[in-house]
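Listed here are the chains, written in short residue letters.
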Amino acid sequence: MGIKEVTVYAFSIENFKRPEEEVNTLMQLARDKFAKLLEEKERLNEKGVRIRVIGNIQMLPRDIQKTAAEAMLLTKDNNKSVLNVAFAYTSRDEITHSLKTIIEGVEENDLRAEDLNEALIDECLYTNKCSSVDLLVRTSGELRFSDYLLWQVKSTNFSHELLIIIFYFCRFHQPSSILLMPYGQTLHSGISLVLYSII
C-alpha cells in the first residue's frame, strides 16, 4: 500500500481517570510493549523503522518515560517508515501545550504576539515532526473522535493536496461506510495512516 507512517492512539490522558488498578494494568502493558520493542531493536533498525512517542510524556511513570526515550533514541536515524505512538495524549492537551510554548516564547522575547498563526501552532504541537494525516481509520464500532488529532484532521480539510477518508469500522474490522472523502481524490503511495483505536 506504500504506507510510510502510522500513528496509533495507545493511551488517552482521559484514561488516567479510570480505576487505579485498571490504569496500573495498562501501564504494565505499556512496559511490556516497550520492552518488546527494545528486544527487537536490531530488526527495527534492519527494516528502517523509526519510533516516536507523542503526548504529554511527563505524565507517565519515570520508567516508561525512560524506555520510551530509549526506543526513540535507538531508532532516530531510521527513515524507511515511522511508527508514532500517541501515549498520554489528547488534542486539548496538545493544543494547550502548543499555546503555552508560544506564550513562553513571547514572554522571553523570542517571539512577537503578531507571529502567532496556524503554522506556528503546528510547529509547537507534539506532532510537529509527523507527516500530515492522509487517512484516519476509526475502529471499535465508534463514530466519535475521542479528542484525537483534532487539529491535524481539521487542518487537512483546507488542502486540495491531501486526502481524508474516515472509515467506520465495525467490530469485525470491515469498513461499513465511508463518511468523508473531500475533493474526490484517490489513495496514493507514501500515505500517512492514523489508526485510531484507544484502549
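Residues numbered from 1 in each chain as written. Predicted model: local features only at pLDDT ≥ 70, side-chain atom pairs only at ≥ 80, totals over all residues. Heavy atoms only, no water.

1. Regarding the overall build of the chain
Right, on to step 1. Tallying secondary structure elements over the chain gives six helices and seven strands in all.
Right, on to step 2. Along the chain, from the amino end to the carboxyl end, the secondary structure elements read β-α-α-β-α-β-α-α-β-α-β-β-β.
Right, on to step 3. Out of the 199 residues in the chain, the part that is buried amounts to 41%.
Right, on to step 4. Relative to all contacts within the chain whose residues are 6 or more apart in sequence, the contacts with residues 24 or more apart total 77%. (Helix = DSSP H or I, 4+ residues; strand = E, 2+ residues; numbered from the N terminus. Buried < 20%, exposed > 50% of the residue type's maximum accessible area, 1.4 Å probe, protein only. Contact = heavy atoms within 4.5 Å.)

2. Section: the packing of aromatic side chains
Right, on to step 1. A full pass over the atoms with the stated rule returns seven aromatic pairs.
Right, on to step 2. A ring pair is formed by Y9 and Y89, whose centres lie 5.8 Å apart and whose planes are at 85°; its orientation type is edge-to-face. Pair noted here: Y9 is in strand β1 (residues 5–12) and Y89 is in strand β3 (residues 81–89), with a separation of 80 residues, a long-range link. For the pair Y9 and Y89, one class covers both residues: buried. (Phe/Tyr/Trp six-rings, centres within 6.5 Å; stacked < 30°, edge-to-face > 60°.)

3. Let's talk about the confidence of the model for the chain
Right, on to step 1. When pLDDT is averaged across the chain, the result is 79; 72% of the residues are at 70 or more.
Right, on to step 2. Here residues 195–199 scores under 50 on pLDDT; set against residues more than four positions off or in separate chains, the count is 24 contacts. (pLDDT = per-residue confidence, 0-100.)

4. Side note on the pattern of salt bridges
Right, on to step 1. One pass over the structure, following the stated rule, counts ten salt bridges.
Right, on to step 2. Put simply, K17 and E14 hold a salt bridge, and the shortest N to O gap is 2.9 Å.
Right, on to step 3. The salt bridge partner of E40 is K36, with a shortest N-O separation of 3.7 Å.
Right, on to step 4. What makes K36 partly exposed here is its relative accessible area of 45%.
Right, on to step 5. Three or more residues are tied together by salt bridges with common partners; here these are E14, K17, R92 and D147. (Salt bridge = Lys/Arg side-chain N within 4 Å of Asp/Glu carboxyl O.)

5. Brief notes about the side chain of E5
Right, on to step 1. Of note, E5 is situated in strand β1.
Right, on to step 2. Only 2.7 Å separates the side chain of E5 from the side chain of N84, close enough to count as a polar contact. (Polar contact = N/O pair within 3.5 Å; in protein donor to acceptor, adjacent residues only side chain to side chain.)

6. What about the pairing of strand β2 (residues 49–54)?
Right, on to step 1. Counting buried residues along β2, five of its six residues qualify, which places the element largely inside the surrounding structure.
Right, on to step 2. Looking at chain direction, β2 and β3 are connected through six bridges and run parallel. Residue pairing for β3: V49 is matched across the bridge by S81. (Pairing = 2+ DSSP bridges.)

7. So, the nonpolar core
Right, on to step 1. One finds M27, F34, I51, V53, L60, I64 and F87 to be the most contacted residues of the largest nonpolar core, which totals 22 residues.
Right, on to step 2. Every element with two or more residues in this core is listed here: β1, α1 (20–39), β2, α3 (62–74) and β3.
Right, on to step 3. The element best represented in this core is α1, accounting for seven residues.
Right, on to step 4. For I51, the contacting residues outside a window of four places in its chain are L37, L44, A71, M72, T75 and L83.
Right, on to step 5. Within the second largest apolar cluster, eleven residues are counted, among which are Y89, V133, L149 and V153. (Core = buried A, V, L, I, M, F, W, Y, C linked by side-chain atoms within 4.5 Å.)

8. Here we look at the packing of α1 against α3
Right, on to step 1. Packing of α1 against α3 leaves a shortest axis separation of 10 Å and a crossing angle of 25°. One element, α1, and the other, α3, form an angle in the roughly parallel class. As for how α1 packs across α3, the hand of that crossing is left-handed. Each of M27, A30, R31, F34 and L38 in α1 lies in contact with α3, whose residues at this interface are D63, I64, T67, A68, E70, A71 and L74. (Axes fitted to C-alpha atoms, helices over the stretch in contact; angles between N-to-C directions. Parallel < 35°, antiparallel > 145°, perpendicular 65-115°, else oblique. Left-handed = near helix turned anticlockwise from the far one by under 90°.)

9. Observations concerning a negative patch on the surface
Right, on to step 1. Taken together, E104, E107, E108 and D110 make up a surface patch of like negative charges.
Right, on to step 2. Turning to its location among the elements, E107 is positioned in helix α4 (residues 91–107).
Right, on to step 3. For E107, a relative accessible area of 62% translates into the label exposed. (Patch = residues over 30% accessible without salt bridge, like charges linked within 9 Å, V, L, I, M, F, W, Y side chains within 5 Å. Areas by Shrake-Rupley, 256 points an atom, 1.4 Å probe, with all protein chains shown as cover. Lys, Arg positive; Asp, Glu negative; His and termini not counted. Charge placed at Lys NZ, Arg CZ, Asp CG, Glu CD.)

10. Focus on the environment of G48
Right, on to step 1. Its location among the elements puts G48 in the loop between α2 (41–47) and β2.
Right, on to step 2. The class of G48 is buried, set by a relative accessible area of 6%.
Right, on to step 3. Sequence separation between G48 and N79 is 31 residues; the distance between their C-alpha atoms is 5.7 Å.
Right, on to step 4. Filtering out sequence-adjacent residues up to four positions away, G48 remains in contact with N78, N79, K80 and S81.

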